[in-house]
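Read off the chains here:
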Amino acid sequence: MYVLTIDQRGSTADMDRVPGLISALGSLTPAPFERSVGDELQGVVEHAADVVNIALHALRDGHWYVGIGIGAVQLVPGGSPREGTGSGFVAARKAVELAKGAAAQVPLSVVSGSMGRGRDLSPDAGKGAMTSAHAQAVLRLLGRVVQQRTPAQWRVVDSLRAYQGGEGRHGSQKHVARELGITEQSVSRALLRSGWPEEAAARPAAAMLLECAHARILAPSGAPAPWTVQVGDTSTEGNR
């Protein structure tokens, strides 16, 4: 499980955006998000790909600090995230505070539950913390891409993603051009300048790093992590 704590930026001089984000996240994940305190929301997410989708959606308009905690989660099935305990919640709290101090960097942080103590942490947790840092680096890079996208580029990207699941299959750009009333060449240029092809290709890499960190942090004592990631090597192989 992954714990996300998301806090509104500049909330004292802005409208309350929490209800709108909670509603939007309902289309991205089955995990319930709810207001935790003030202008902050929190949720417990099962799948790493959903974590990536949620984080990038929150970063899109520049209104949120995003904290991702990876660690043990004790939560009654169907229970409120506010009732949860475990190192994942502690890590998420630290992550959102670090995101607030990111200065000019993309306001997102990933923190490993291995930064705390407890019998629920594996001996391999140190490597999990390192992999969490790698996931953070990739997510911040993707966050920079989505934050620099123009409204016109977003219209093209959103239309493409909505069409047949947004996989960019053959014929999708022609459909987007018809829907938006622009030429296929305009669609191609907007996608190229938006960085969408690169973002789409990198999203699975970010999810894989989150999964790897999760496995290393919470693997039972003596169990091998299901992924082997070598920095500087393009190969990633699973245990056999």
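Visitor: Explain the overall build of the protein chain to me, using residue names and the numbers behind them.
Guide: Within the protein chain one finds eight helices and seven strands. Looking at the protein chain residue by residue over its 240 residues, the buried ones come to 44%. Sequence-distant contacts, at least 24 apart, represent 65% of the contacts inside the protein chain between residues at least 6 apart.

Visitor: Could you give an account of the sheet that holds strand 3 (residues 40-45), naming the residues involved and the relevant values?
Guide: Taken in spatial order, the five strands of this open sheet run 2-3-1-4-5, and their pairing is mixed. Among the strands making up the open sheet, the edge pair consists of strand 2 (33-37) and strand 5 (108-112). Ignoring strand direction, the axes of neighbouring strands in this sheet form an average angle of 25°. Contacts from helix 1 (residues 18-25) reach strand 1 (2-8), strand 2, strand 3 and strand 4 (64-70) within the one sheet, and its direction differs from that of strand 2 by about 150°.

Visitor: I'd like a description of the layout of surface pockets, backed by residues and values.
Guide: Within this model, the second largest pocket holds a volume of roughly 260 Å³. Around the second largest pocket, the lining is made up of 18 residues, and of these M1, A31, P32, V44 and L75 lie nearest the centre. Split into classes, the residues belonging to the lining of the second largest pocket amount to 11 nonpolar, five polar and two charged.

Visitor: Explain helix 2 (residues 48-60) to me, and be specific about the residues and the numbers.
Guide: Given a rise of 1.5 Å per residue, 13 residues ought to cover 18 Å, and the 18 Å separating the end C-alpha atoms of helix 2 matches this to within 8%. Looking one or two residues past helix 2, G62 carries a phi angle of roughly 80°, positive in sign.

Visitor: Residue-level account of the packing of aromatic side chains, with values.
Guide: Going through the model one piece at a time under the given rule, you end up with zero aromatic pairs. Between the NZ or CZ atom of R60 and the centre of the ring of W154, over which it lies, the distance is 3.5 Å. The ring of W154 has R149 lying over it, and the distance from NZ or CZ to the ring centre is 4.6 Å.

Visitor: Give me the pairing of strand 3: which residues, what numbers.
Guide: Summarising burial for strand 3: six of the six residues are buried, a large majority. In the sheet, strand 1 pairs with strand 3 via six bridges, with the strands oriented antiparallel. Looking across to strand 3, one finds that I6 is bridged to L41. Bridge analysis of strand 2 against strand 3 gives four bridges, and the strand direction is antiparallel. Residue pairing for strand 3: V37 is matched across the bridge by E40. A loop of two residues connects strand 2 with strand 3, the two strands running antiparallel in sequence, and G38 in this loop sits at a positive phi of about 55°.

Visitor: Could you give me a rundown of the pattern of salt bridges, with the residues and numbers involved?
Guide: Following the criterion strictly, the structure yields 11 salt bridges and no others. For the salt bridge of D16 with R35, the shortest nitrogen-to-oxygen distance reads 2.7 Å. Of the two residues, D16 is situated in the loop between strand 1 and helix 1 and R35 in strand 2; the sequence distance between them amounts to 19 residues. Owing to a relative accessible area of 37%, D16 belongs among the partly exposed residues under this scheme.

Visitor: Help me get a handle on the side chain of D7, residues and values and all.
Guide: Looking at where D7 falls in the secondary structure, it is placed in strand 1. Here the side chain of D7 touches K100 through a polar contact of 2.7 Å, side chain to side chain. With sequence-adjacent residues up to four places away left out, D7 is seen in contact with D39, E40, H63, W64, Y65, V96 and K100.

Visitor: Residues and numbers for the packing of helix 5 (residues 151-162) against helix 6 (residues 172-180), please.
Guide: At their nearest, the axes of helix 5 and helix 6 sit 9 Å apart, and the two run at 125° to each other. With respect to each other, helix 5 and helix 6 are oriented oblique. The handedness of the crossing between helix 5 and helix 6 is right-handed. Along its contact with helix 5, which presents R155, V156, S159 and L160, the element helix 6 presents S172, Q173, V176, E179 and L180. Looking at the contact of helix 5 with helix 6, its residues break down into four nonpolar, three polar and two charged.

Visitor: Go over helix 8 (residues 196-218), please, and point to the residues and values.
Guide: Helix length check: helix 8, at 23 residues, gives a terminal C-alpha distance of 33 Å against a target of 33 Å (1.5 Å per residue), a fit within 8%. The largest bend in helix 8 amounts to roughly 30° and is located at A202, with the proline P204 lying one to four residues further along.

Parameters at a glance
Residues numbered from 1 in each chain as written. Predicted model: local features only at pLDDT ≥ 70, side-chain atom pairs only at ≥ 80, totals over all residues. Heavy atoms only, no water. Helix = DSSP H or I, 4+ residues; strand = E, 2+ residues; numbered from the N terminus. Buried < 20%, exposed > 50% of the residue type's maximum accessible area, 1.4 Å probe, protein only. Contact = heavy atoms within 4.5 Å. Pairing = 2+ DSSP bridges. Axes fitted to C-alpha atoms, helices over the stretch in contact; angles between N-to-C directions. 1 Å grid on protein atoms, 1.4 Å probe; cavity = no way out; pocket = protein on both sides within 12 Å on 5 of 7 lines; lining within 4 Å. Points joined across faces, edges and corners; volume = space filled by probe spheres on them. Nonpolar A, V, L, I, M, F, W, Y, C, P; charged D, E, K, R; others polar. Expected span 1.5 Å × (residues − 1). Phe/Tyr/Trp six-rings, centres within 6.5 Å; stacked < 30°, edge-to-face > 60°. Lys NZ or Arg CZ within 6 Å of the ring centre and 35° of its normal. Salt bridge = Lys/Arg side-chain N within 4 Å of Asp/Glu carboxyl O. Polar contact = N/O pair within 3.5 Å; in protein donor to acceptor, adjacent residues only side chain to side chain. Parallel < 35°, antiparallel > 145°, perpendicular 65-115°, else oblique. Left-handed = near helix turned anticlockwise from the far one by under 90°. Bend = angle between axes of the 7 residues up to and from the residue.

These results come straight from atomic positions and should not be treated as a statement about function.
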